[in-house]
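This is what each chain is made of:
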Amino acid sequence: MKLFLATLTVLAAQAMAKTSYDGYQVLRTSALTPEASAMLRELQLTTNSIDFWREPATGMSTDINTPPELLAGLKEMLASKGVEVSTMIEDVEKLIQETKPAAKAAKSEGERYTMDWNDYHDHDTLNEFIEALADANDFASIIPIGQSYEGREMKVLAITKAG
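Overview of the structure. (Residues numbered from 1 in each chain as written. Predicted model: local features only at pLDDT ≥ 70, side-chain atom pairs only at ≥ 80, totals over all residues. Heavy atoms only, no water.)

Structural notes on the pattern of salt bridges
Pairing between side chains of opposite charge can happen when the charged atoms of each approach one another.
Now for step 1: Under the defined criterion, the tally for this structure stands at 5 salt bridges.
Now for step 2: Taking the shortest distance from any N to any O, the salt bridge between Arg28 and Asp63 comes out at 2.7 Å. Of this pair, Arg28 sits in strand β1 (residues 25–29) while Asp63 sits in strand β3 (residues 63–66); the two residues are 35 residues apart in sequence, bridging distant segments of the chain.
Now for step 3: The salt bridge partner of Arg54 is Asp63, with a shortest N-O separation of 3.1 Å.
Now for step 4: The partly exposed category is assigned to Arg54, whose relative accessible area is 32%.
Now for step 5: Asp63 gets classed as buried once you look at its relative accessible area, which sits at 5%.
Now for step 6: Among the charged side chains, a network of salt bridges with common partners joins Arg28, Arg54 and Asp63. (Salt bridge = Lys/Arg side-chain N within 4 Å of Asp/Glu carboxyl O. Helix = DSSP H or I, 4+ residues; strand = E, 2+ residues; numbered from the N terminus. Buried < 20%, exposed > 50% of the residue type's maximum accessible area, 1.4 Å probe, protein only.)

Right, here's the structure in full:
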């Protein structure tokens, strides 16, 4: 029982640990030959270290997320099969950090609500935004229109002032 709990604790810690993709590159191959396609499919089935973003198929290119320690070997293996490789993403971690949504800034009391239109916003944030607009304007109101498939209340902002 103690061994089970210790194993469970280790697995939970690993699952919660932040994965880093420092130095990982996404490689795009040229069109694959039947031999190269078969080799990559075998590699896909036998390793968890390389992540295929597009299935290897004869006559098609494939995209492969590759850790830094395997880059040289993978490129060499593909070159030996006559497959050309280009780098699609130079540093996956850098791209993740550059495209990560900004942290929500707390709204100070009395300030107008602002919305960043460059990032994805969850359902609660969007509802807070339209509710803030309705609260700040006497010509705007919230109308509930039902529930989503997930059971969340769906609301719309109604503008009732003409002209």
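Points about the pairing of β1
Side chains on a regular strand alternate between the two faces of the sheet.
Now for step 1: Most of β1 is tucked away: 4 of the 5 residues are buried.
Now for step 2: Here β1 runs beside β3; their pairing, made up of 4 bridges, is antiparallel. Across the sheet, Leu27 pairs through a bridge with Ile64, a residue of β3.
Now for step 3: Sheet topology places β1 next to strand β4 (residues 85–89); 4 bridges connect them, and they run antiparallel. Residue pairing for β4: Arg28 is matched across the bridge by Ser86. (Pairing = 2+ DSSP bridges.)

Some thoughts on the sheet that holds β1
Now for step 1: The strand order β2-β3-β1-β4 describes an open sheet built from 4 strands, whose pairing is antiparallel. In this open sheet, the two strands that pair with only one neighbour each are β2 (51–52) and β4.

Considerations on the nonpolar core
Now for step 1: Core analysis: the biggest nonpolar cluster contains 13 residues, and Leu40, Leu43, Ile50, Phe52, Ile64, Leu74 and Leu78 have the highest contact counts within it.
Now for step 2: Ranked by residues supplied to this core, first place goes to helix α2 (residues 34–46) with 4 residues.
Now for step 3: Filtering out sequence-adjacent residues up to four positions away, Ile64 remains in contact with Gln25, Val26, Leu27, Thr29, Leu40, Ile50, Asp51, Phe52 and Leu74. (Core = buried A, V, L, I, M, F, W, Y, C linked by side-chain atoms within 4.5 Å. Contact = heavy atoms within 4.5 Å.)

Considerations on the side chain of Asp63
Now for step 1: Reaching out from Asp63, the side chain makes a polar contact with the side chain of Arg28 at a distance of 2.7 Å.
Now for step 2: With residues near it in sequence (within four places) discarded, Asp63 still touches Val26, Leu27, Arg28, Asp51, Phe52, Trp53, Arg54 and Met88. (Polar contact = N/O pair within 3.5 Å; in protein donor to acceptor, adjacent residues only side chain to side chain.)

Concerning the environment of Ile50
Now for step 1: If you trace the backbone, Ile50 turns up in the loop between α2 and β2.
Now for step 2: Expressed as a C-alpha distance, the spacing of Ile50 and Leu71, which sit 21 residues apart in the sequence, is 9.8 Å.
Now for step 3: When residues no more than four places from it in sequence are discounted, the contact partners of Ile50 are Leu43, Ile64, Asn65, Pro67, Leu70 and Leu74.

Description of α2
Now for step 1: Over its 13 residues, α2 extends 18 Å from the first C-alpha to the last, a length consistent with the 18 Å expected when each residue adds 1.5 Å.
Now for step 2: Among all positions in α2, only Ala36, Ser37, Met39, Leu40 and Leu43 are buried. Angular distribution of buried residues about the axis of α2 spans 165°; they occupy a single face of the element. Turned more than 90 degrees off the buried face of α2, the exposed positions are Pro34, Glu35, Leu45 and Thr46.
Now for step 3: Looking at the packing, one finds that the buried side of α2 touches β2, β3 and α3 (68–80). (Expected span 1.5 Å × (residues − 1). Arc of directions from axis to C-beta.)

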